[in-house]
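This is what each chain is made of:
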Amino acid sequence: MNNETFQIAGAGLGFRRCMTETLAQVDAAQIDFLEVAPENWMGLGGRFGRAFREYTERYPFVTHGLSLSLGGPSPLDTEFLHKLKQFLQRHNIRGYSEHLSYCTDDGHLYDLMPIPFTEAAVRHVAKRIEQTQDILQQRIAIENVSFYAAPGAEMTELDFLLAVLKEADCDLLLDVNNIYVNSVNHNYDATAFLAQIPGERISYIHVAGHYNEADDLLVDTHGADVIDPVWALLQQSYDLFGVKPTLLERDFNIPPMDQLLQELDTIRDHQLRALPVAAEELRHARI
């Protein structure tokens, strides 16, 4: 199995089709890596396919899956995984991650559903992660997800996440916005949760915005600017684990590219704060 995955650094951006033309006007030095959902690009031809190929030759890419359904009851989609493996190799993509959730039953549910926090679910998910890694012949990362109910829970969210990481021996895509959203919705200390994450397993980090439905109900939308408490949690992750590659997710209400680039600069500012000795050197490297 190939362990040389996620060879990325700096601040990255989730690439969406609506950015195809505007990204061409961006200085490549302003974005360190890009992330796509592979399902949205596999087998795509025409101008989008050509543009994607050009960008994969210009930027490092990683992929974040939407449809594998690691916690689902239906058989793992091995046909998709073999196609995915070819896609990753064809475009020299640095790694693959998926959500710690499920999205299928007899068919696709078109949403990311919470896996019951049980020992049986740990074993079920870990086996499917191991199967995925065997087919792709590389380690994958799983993302801690936002959830709004925990039916049948026998353990906490944190204990479930840690058990899956250990049982499957995989990496972690750490989403700090999801930690913040869950901490508000389920009334726990986000900083204490973060402190128990095994930093050595973190491949990279997601940061995003969310929607305030109520004081005690946040919805993970990726449709708004990142708020100060989430920036603070990102900074705490750097202080705890060292600076990790960090990606800005924006799926809805996508602002102009210059505004997205400003948020990438905010990520870099936080990264530089965690590297006081090397900060001046890194600043000069970007000039």
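Treat the numbers as computed from the prediction; the structure is a model and nothing was measured.

What to know about the pairing of strand 3 (residues 61-64)
Line of reasoning, step 1. Here strand 3 shows two buried faces, one formed by Phe61 and Thr63 and the other by Val62 and His64.
Line of reasoning, step 2. As judged from the three bridges shared by strand 2 (residues 33-36) and strand 3, these two strands associate in the parallel manner. Residue pairing for strand 3: Val36 is matched across the bridge by Thr63.
Line of reasoning, step 3. The parallel pair strand 2 and strand 3 is bridged by helix 1 (residues 46-56), and the resulting crossover is right-handed.

Some thoughts on the side chain of Gln271
Line of reasoning, step 1. With respect to the helices and strands, the residue Gln271 is situated in helix 8 (residues 257-273).
Line of reasoning, step 2. A relative accessible area of 7% means that Gln271 is categorised as buried.
Line of reasoning, step 3. At a separation of 3.4 Å, a polar atom in the side chain of Gln271 contacts the side chain of Tyr238.
Line of reasoning, step 4. What Gln271 contacts, discounting residues up to four positions off in sequence, is Gly10, Ala11, Tyr238, Val243, Lys244 and Thr246.

Observations regarding the pattern of salt bridges
Line of reasoning, step 1. The final tally for this structure, using the stated rule, is 11 salt bridges.
Line of reasoning, step 2. Put simply, Glu79 and Lys83 hold a salt bridge, and the shortest N to O gap is 3.4 Å. Pair noted here: Glu79 and Lys83 are both in helix 2 (residues 78-90), with a separation of four residues, about one helical turn.
Line of reasoning, step 3. Each member of the salt-bridge network shares a partner with another, and the members are Arg139, Asp169, Asp171 and Arg201.

Let's talk about the packing of aromatic side chains
Line of reasoning, step 1. Going through the model one piece at a time under the given rule, you end up with 12 aromatic pairs.
Line of reasoning, step 2. Between Phe15 and Phe61 the ring centres are 6.4 Å apart and the planes differ by 85°, which places this aromatic pair in the edge-to-face class. Placement of the pair is Phe15 in the loop between strand 1 (11-14) and strand 2 and Phe61 in strand 3, with a sequence separation of 46 residues.
Line of reasoning, step 3. Phe15 gets classed as buried once you look at its relative accessible area, which sits at 2%.
Line of reasoning, step 4. By relative accessible area, Phe61 is classed as buried at 1%.
Line of reasoning, step 5. Their ring planes at 20° and their centres at 4.9 Å tell us that Trp41 and Phe52 sit as a pair that is stacked.

Quick look at a negative patch on the surface
Line of reasoning, step 1. Residues Glu119, Glu130, Asp134, Glu154 and Glu167 make up a contiguous surface patch of negative charge.
Line of reasoning, step 2. When residues in the negative patch are grouped by element, the largest group, three residues, is from helix 3 (residues 119-136).
Line of reasoning, step 3. Considering the arrangement of structural elements, one finds Glu154 in the loop between strand 7 (141-143) and helix 4 (157-168).
Line of reasoning, step 4. Residue classification places Glu154 among the exposed positions, given a relative accessible area of 61%.

Cut-offs applied
Residues numbered from 1 in each chain as written. Predicted model: local features only at pLDDT ≥ 70, side-chain atom pairs only at ≥ 80, totals over all residues. Heavy atoms only, no water. Buried < 20%, exposed > 50% of the residue type's maximum accessible area, 1.4 Å probe, protein only. Helix = DSSP H or I, 4+ residues; strand = E, 2+ residues; numbered from the N terminus. Pairing = 2+ DSSP bridges. Right-handed = clockwise from strand over helix to strand, strands pointing away. Polar contact = N/O pair within 3.5 Å; in protein donor to acceptor, adjacent residues only side chain to side chain. Contact = heavy atoms within 4.5 Å. Salt bridge = Lys/Arg side-chain N within 4 Å of Asp/Glu carboxyl O. Phe/Tyr/Trp six-rings, centres within 6.5 Å; stacked < 30°, edge-to-face > 60°. Patch = residues over 30% accessible without salt bridge, like charges linked within 9 Å, V, L, I, M, F, W, Y side chains within 5 Å. Areas by Shrake-Rupley, 256 points an atom, 1.4 Å probe, with all protein chains shown as cover. Lys, Arg positive; Asp, Glu negative; His and termini not counted. Charge placed at Lys NZ, Arg CZ, Asp CG, Glu CD.

The quantities given are spatial measurements derived from coordinates; they are silent on function.
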